[in-house]
Amino acid sequence: MARAKKRPVLTHAKVRETTQARAPFRVWYPVESEGGKSRRVFKSFASEDAAWKFAEDKDREVANHGVRYGDIPPEVRRAFDFYRDEAAALADAGAEVPRFEDLVAAALAEVRQRHEASVENVVTVAEGVERFLAYKRSRVGERQLADLKDRLTRFAKDHGTTACRDISTDTIELWLASLRSRKNPNKLKEAPLLAPRSRNHYRANLHAFFGYGASPARGWCERNPVADLEPEQVEDTEPEAYSVEGARKLMHTALAHHPRLVPVLALGMFAGLRVSEAVNVDLAKLRGDEFRVTGKTGPRMVPMTSACKAWLEAQPLRKGKAWTLQGRALVDAMQALFTDAEVDQIANGARHSFISYRTAEIRDVARVADECGNSVSTIQNHYRQLVTGEAAKLYFEIRPETPAGNVTSIAEGRASA
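This is a predicted model, so every value here is computed, not measured. (Residues numbered from 1 in each chain as written. Predicted model: local features only at pLDDT ≥ 70, side-chain atom pairs only at ≥ 80, totals over all residues. Heavy atoms only, no water.)

Quick notes on the overall build of the protein chain
If you tally the helices and strands in the protein chain, you get 18 helices and five strands. Taken over 417 residues, the protein chain has a buried fraction of 38%. Long-range pairs, those at least 24 residues apart, make up 61% of the contacts in the protein chain between residues at least 6 apart in sequence. (Helix = DSSP H or I, 4+ residues; strand = E, 2+ residues; numbered from the N terminus. Buried < 20%, exposed > 50% of the residue type's maximum accessible area, 1.4 Å probe, protein only. Contact = heavy atoms within 4.5 Å.)

Rendered as structure tokens:
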């Protein structure tokens, strides 16, 4: 008859046999619970030898180092062993090695700091857009600020509750591809998708916004998600001009149904101002045969053509800015005008028309370039052959159909002001 193995006497651990078929041997040993108190836990084994081996190790650990050491996971022990070996090597090399507990405390403090910073610095798109616009308010012009607000607010409407750090390049690419025009003159069931040039404008504003948020000083997102999204290729087309009949219909329809638009249209059609220049013109300061305007190419003198003067005097506004509402309201009002006039809208059509007809009228490219704040080469390459001299004569003869009988002239308005 085989003799049973002699087992050691254990002080802190116990081995018990149970009725469990798969793991009939159970080792009980002490561990430290919350508050520093000791409690007993167990681990089950299928083999009696494995159970006794584990029990002996636990008993030895607790006897040598106490209950807390016996509860230390193996990975922690390996970490300490690594520290002990490396610390000894560094000390032999003359390095000053911090204590193990100091290293662990410092590492965990850094982890906590990063975690708290990440939680506290979660900025949603809507919050970020608001702060970005506030930052830009004193750093860009009124028109650029309005453009930033218009485009970024549209993005925030769809993704405002999402954290900036969770916006990916794919998210932005899909959003740009889904944008549809807000100009819908024919009241289509679904407006057409935006053209590449318009999507590029949205992309540029988003690039500025996320670049601001990704800066180290803010850290709203790890990096700018628009950085990997290249602008789309845009085919430049020749500028177009309104026909004489189209220009006439626009001006007459504006005067009859959209008088607020007459100053902006007249300054574009018959003085060559950009929309951004026209909206800021103070009508009370228009004097003589020319007036000064400051645009993106700097200040210049602009001719006050007789056609421009006639149309300005045909509408009621006498002083203040040529457009007194917001930029979005101007876009909507212009769209309504073109729908009512049954004229196809041309991008920058009013200014293109003036340059084209003015060049054909006076046959002096350098003078037109100076009047419009443009380059001679651009006018030579794109405008000189666009219309005839005869059409130019008819264009600058466009006038209100009937004089405004009881409306005072601009000059009279200034005198009485």
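Observations concerning the packing of helix 6 (residues 142-159) against helix 7 (residues 169-178)
At a minimum axis distance of 12 Å, the contact between helix 6 and helix 7 shows a crossing angle of 110°. Relative to helix 7, helix 6 is oriented roughly perpendicular. Considering only the axes of helix 6 and helix 7, their crossing is right-handed. Facing helix 6, whose interface residues are Arg151, Arg154, Phe155, Asp158 and His159, helix 7 presents Thr171, Ile172 and Trp175. Within the contact of helix 6 with helix 7, the residues separate by chemical class into three nonpolar, two polar and three charged. (Axes fitted to C-alpha atoms, helices over the stretch in contact; angles between N-to-C directions. Parallel < 35°, antiparallel > 145°, perpendicular 65-115°, else oblique. Left-handed = near helix turned anticlockwise from the far one by under 90°. Nonpolar A, V, L, I, M, F, W, Y, C, P; charged D, E, K, R; others polar.)

Considerations on the environment of tryptophan 311
Residue position: tryptophan 311 is located in helix 12 (residues 306-313). In sequence terms tryptophan 311 and proline 263 are 48 residues apart; their C-alpha atoms lie 7.6 Å from each other. Excluding residues within four positions of it along the chain, tryptophan 311 makes contact with Met251, His252, Leu255, Val262, Ala266, Phe270, Ile398, Arg399 and Pro400. Side-chain polar atoms of tryptophan 311 contact the backbone oxygen of isoleucine 398, separated by 3.1 Å. (Polar contact = N/O pair within 3.5 Å; in protein donor to acceptor, adjacent residues only side chain to side chain.)

What to know about unusual backbone geometry
In this structure, glutamate 342 takes a positive phi of about 60° despite not being glycine. Within the secondary structure layout, glutamate 342 lies in the loop between helix 13 (327-341) and helix 14 (349-362). A positive phi angle, close to 55°, is found at arginine 363, a residue other than glycine. Tracing the chain through its elements places arginine 363 in the loop between helix 14 and helix 15 (365-372). Overall, arginine 363 belongs to the exposed group, its relative accessible area being 56%.

Shape is all these values report; function is a separate question.
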